[in-house]
Each structure stands twice: as C-alpha cells, then as structure tokens.
Amino acid sequence: MSGFGLDRVFTLLERGLDFAAQRQELLASNIANVETPGYKRRDLDFESLLKGLEEQGGELNLARTSSRHLPGYVARSEELFPVKEENITIRDDGSSIDVEREMVTLLENGLYYQTLSKLTAGKFNLLRTVLKEVR
C-alpha cells in the first residue's frame, strides 16, 4: 500500500479530521461563552503547528503511550494541536467573542471536516475497488 502513497494520504486525512474536530469543540465553546464576562476567544494555533512541522523536517512525531500501539498512533489527549487565546477585548464586558465571526468560522470548519470526510471515503472506495480487482 505504501507504494501508492496511501499511508501518507490516510495519515494526512486523519490529522486534518482530528484538527477540524478539536477546532469545532473550541469554536462551540467560544459561542457557549459569548455572555461570559472577560472570556477570551480560543482557537487552534495552526501557524505554530506548521512552524513546528518545518523545524522537524515536515514530519509529526506521534506519541506512543504503550509499546503495544502501532507506529503512527496518536495518543488521545484533550488537545492534540496548540491552542491560542486572543488577548483582545471587543466588548464592554471584556470578552473577545464576536458571535457572527464565530458562526462563520464554525461553518467554515464544518465544511472543511465534511470535505475531508468525503475525501477519506473516496480513498477507501478506491482501495476497495483495487482489492476487488486483485482477487
């Protein structure tokens, strides 16, 4: 399978889906706290993630919490990607939440997740077709 680069493609799709899922939780939390005085907007720090990848030569070092885990296993934690908090204030109560911005970002992230899901399903269908033809 690695001759076709499918391992790399599936890994990238998986990481993208993990990123979008974690981001969805943060964005939903931002919306839920819109009326919380002093609440600061949180989002994933994609720029820091890319800088870290560049420093590592383009590869993510995946954590293995057990020797029984397969290589490439990502240990689930509360936050897989770096989170940043905005230290700006846009409302009188000290909050940095703009509901319209959050709703648009939530929608964009949902579309991103949906697109990656369809790409993943397409790759599995392609792999299924190849396996049927080999038989």
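Computed from a predicted structure; not experimentally measured.

Bringing the pattern of salt bridges into the picture now. Where side chains of opposite charge bring their charged atoms close, a pairing between them can arise. Under the criterion given, the structure shown has six salt bridges. A salt bridge links Arg41 to Asp43, with the nearest nitrogen and oxygen atoms 3.3 Å apart. For Arg41, a relative accessible area of 2% gives the class buried. We note a salt bridge from Glu86 to Arg41, for which the minimum N-O separation is 3.3 Å. On the criterion of sequence distance, the pair formed by Glu86 in the loop between β2 (83–85) and α3 (99–134) and Arg41 in the loop between α1 (6–32) and β1 (42–44) is long-range, its members being 45 residues apart. You'll find Glu86 and Arg41 in the same group, each marked buried.

What follows covers α3. Between the first and last C-alpha of α3 there are 52 Å, a value that for 36 residues agrees with the 52 Å anticipated at 1.5 Å per step. Among the residues of α3, those classed as buried are Glu102, Thr105, Leu106, Asn109, Leu116 and Thr120.

So, on to the environment of Phe19. Tracing the backbone shows Phe19 in helix α1. For Phe19, a relative accessible area of 10% puts it in the buried group. In the structure, Phe19 is positioned 94 residues away from Tyr113 in sequence and 8.8 Å away in space, judged by C-alpha atoms. Leaving out residues up to four positions away in the same chain, Phe19 has contacts with Leu44, Phe46, Phe81 and Tyr112.

Here we take up the environment of Ser117. Within the secondary structure, Ser117 sits in helix α3. The class for Ser117 is partly exposed, based on a relative accessible area of 30%. In sequence terms Ser117 and Leu17 are 100 residues apart; their C-alpha atoms lie 7.4 Å from each other.

Here is what the cut-offs are and how they apply
- Residues numbered from 1 in each chain as written.
- Predicted model: local features only at pLDDT ≥ 70, side-chain atom pairs only at ≥ 80, totals over all residues.
- Heavy atoms only, no water.
- Salt bridge = Lys/Arg side-chain N within 4 Å of Asp/Glu carboxyl O.
- Buried < 20%, exposed > 50% of the residue type's maximum accessible area, 1.4 Å probe, protein only.
- Helix = DSSP H or I, 4+ residues; strand = E, 2+ residues; numbered from the N terminus.
- Expected span 1.5 Å × (residues − 1).
- Contact = heavy atoms within 4.5 Å.

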